Amino acid sequence: MDRKKAIYAGLALVLVVLIGGYFIMSISYSNTEIRLRNQIAAQQDANAVVYDKVWKVIAQKAQVTEKAKDSFKEMYVPLMEGRYARGGSFMKWIKEHNPQFDFSLFKDLMNSIEALRAEFANVQIRLRDLKREHDNLIGTFPGSWFLSDRKPIKVQLVTSGQTQKTFETGEENEINVFK
Amino acid sequence: MTIWFSLLIPLIIVFGLLYFFPRRIVWWELGIPLAASLVIISVCKYGTEAVQTRDTEYWGGWLTHTEYYEAWDEKVSCRRPVYRTDSKGNSVFEGYQHFYDVDYHSHYWLASDSNGISKNISREHFERLAVKFNSRVFVDLHRSYHSIDGDKYVARWNGQEETFTPFASTHTYENRVQASSSLFNFPNVDSKEYGLFEYPEILGAYTCAHILGQGGPTLAAAERKLSVLNARVAASRQGWVWILVFNNKPFQAGIAQQNYWKSGNKNELVINIGVDSQFNVQWCHVFSWTDVEKLKIDTRSQVIEQQGKPLDLVKIVDWLGPEIKKSWARKQFADFSYPTVEPPGWMVALTYFLTLIVSLGTSAWVIYNDFSPEN
């Protein structure tokens, strides 16, 4: 092989490898970006479903608990009035057999609120994490080179006005939990 | 991804080969530095990623049977080349002479669990289990032996509750979160700060502690109950429960433990309980990857009911059994297949260095071997 031919052959080899590598990496990066984009869109929809579940479960459990409280009140007040109206001879016996309100419904409601809130927080973190992955993909080299035409995705995170105000001002003033 | 750019090294070297040594190389030799570099880069990239994402979880099960395989031997065919020396003193191959060898297989003892996992145990261990199960059945293996006929003895669990033997084993799985910059990852913490717990070792082939720390008077009974729970209920629902008892440690110890264990393995529910020196419950922190948040909250509520009272671990484990059976579902780590895992900087540098060495080495071979356009 003479030198001139060898140089041409070398250049051809380098070009083939570089063009082939570029082509394969372009496809790979594009597919990864599209998969992430679709995953983010799906997670955004899933978050709405989870949020809907959070409120429906909490609201309905609260309704059941309220109804149980009212039912107990309806049963308890006349019962006590009736017993006390009879006089004091059965007082000791009545005291020992007073019906007790079952607070487990309130405890269950409280636990459900915390659990569902945690579940919703998890899916929101996952959504933000997917966005982080997408931002890294299109923003860091060599992804930024292959995906220069792709834009960051906007995601909708649900927080409260209180949280937004706190983060805007950088001050957390309302710390009284019973206010 | 930057690791793949090290492929430019062999490309430059190949170009140099063509420029400086065009008469010493043939076309197919150009692929050798490229292929060798590709192998090195792939091994470094995927090998590192496998190590970074590898994690170990515990599986529960119960000992179903134990076996004693007797020693035995067998004939295995073999052939040896035969040579003769000719008149000039050269060695000439004549053919093969057929013989047989005797392979000796040593005796061994195995313990097997309900998941089909077997582990080697000692002879004494086998004997203890055979007595415990009150079982020892001879099984003729009908081996084609040479002079020692080895068969086996099997001792099966007799199904009685008092001889039920939990069997713990460890398995590896891919955990990309721990090696990524995902928001779900946890910060590294110093285990000494709060005297945090390490995962316990499996002793005697299949035994491990399920309650870590000093749990007070109910510890022994609860340990047995929790090991049975992990073997039966948790195993059937792909779960595992740890109870960690922190003596005279603040609530932050529970949070630090979660960071230290990176929220545990994918199948774990970890209950952290803080007690004072009289084993009175002070705090509780429950963590797990499970999406069933209510189980974690309910578990914490159950423990907190004992706040200020002596820790009753048996009561907690008794409550856990039906709850785990009813609502436990482990996290599917396929949900975390998206985080990118990058090799550490030193590994990238090492890959570039190894690629350079391999490219130069193979290029030297290409230059100095006997293949050339003229030959």
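Cut-offs used in this document
- Residues numbered from 1 in each chain as written.
- Chains lettered and ligands numbered in written order.
- Predicted model: local features only at pLDDT ≥ 70, side-chain atom pairs only at ≥ 80, totals over all residues.
- Heavy atoms only, no water.
- Contact = heavy atoms within 4.5 Å.
- Buried area = accessible area lost by both parts, 1.4 Å probe.
- Salt bridge = Lys/Arg side-chain N within 4 Å of Asp/Glu carboxyl O.
- Helix = DSSP H or I, 4+ residues; strand = E, 2+ residues; numbered from the N terminus.
- Nonpolar A, V, L, I, M, F, W, Y, C, P; charged D, E, K, R; others polar.
- Domains from an automatic or database assignment.
- Polar contact = N/O pair within 3.5 Å; in protein donor to acceptor, adjacent residues only side chain to side chain.

1. Here's the deal with the interface of chain B and chain A
With 29 residues of chain B in contact, the opposing surface of chain A contributes 36 residues. Approximately 2900 Å² of surface area, both sides summed, lies buried where chain B meets chain A, with 65% of it carried by carbon and sulfur atoms. Seen at the junction of chain B and chain A, the total is three salt bridges. Residues Arg300(B) and Glu114(A) are paired through a salt bridge, measuring 2.6 Å at the closest nitrogen-oxygen approach. Listed by contribution, the elements that provide at least two residues to the side of chain B that touches chain A are α1 (8-20) and α6 (293-304) of chain B. Looking at the side of chain B that touches chain A, the element that brings in the most residues is α1(B), giving seven residues. Of the residues contributing to the side of chain B that touches chain A, the split by class is 18 nonpolar, four polar and seven charged.

2. So, the domain arrangement of chain B
Residues and elements named next belong to chain B. The assigned domain composition of chain B is domain 1 (62-163) and domain 2 (184-330). Taking only C-alpha atoms into account, the centre of domain 1 sits 42 Å from that of domain 2. Contacts between the two partners involve 11 residues from domain 1, matched on the other side by seven residues from domain 2. At the boundary of domain 1 with domain 2, total buried surface from both sides reaches about 670 Å², with 50% on carbon and sulfur atoms. For domain 1, the biggest contributors to the area lost against domain 2 are Trp-62, Lys-119 and Glu-161; these three give 55% of the whole. Summed over the shared surface of domain 1 and domain 2, the number is one salt bridge. For the pair domain 1 and domain 2, the number of links is three residue pairs in polar contact (both at pLDDT 80 or more). A per-element tally of the side of domain 1 that touches domain 2 places strand β5 (residues 118-121) first, with three residues. Per-class residue counts for the side of domain 1 that touches domain 2 are six nonpolar, two polar and three charged.

3. Describing the environment of Thr159(A)
Residue and element names in this part refer to chain A. Tracing the backbone through its elements, the reader meets Thr-159 in the loop between α4 (143-146) and α5 (161-169). As for Thr-159 and Gln-124, which are separated by 35 residues in sequence, their C-alpha atoms are 9.8 Å apart. Side chain to side chain, Thr-159 and Gln-164 meet in a polar contact 3.2 Å long.

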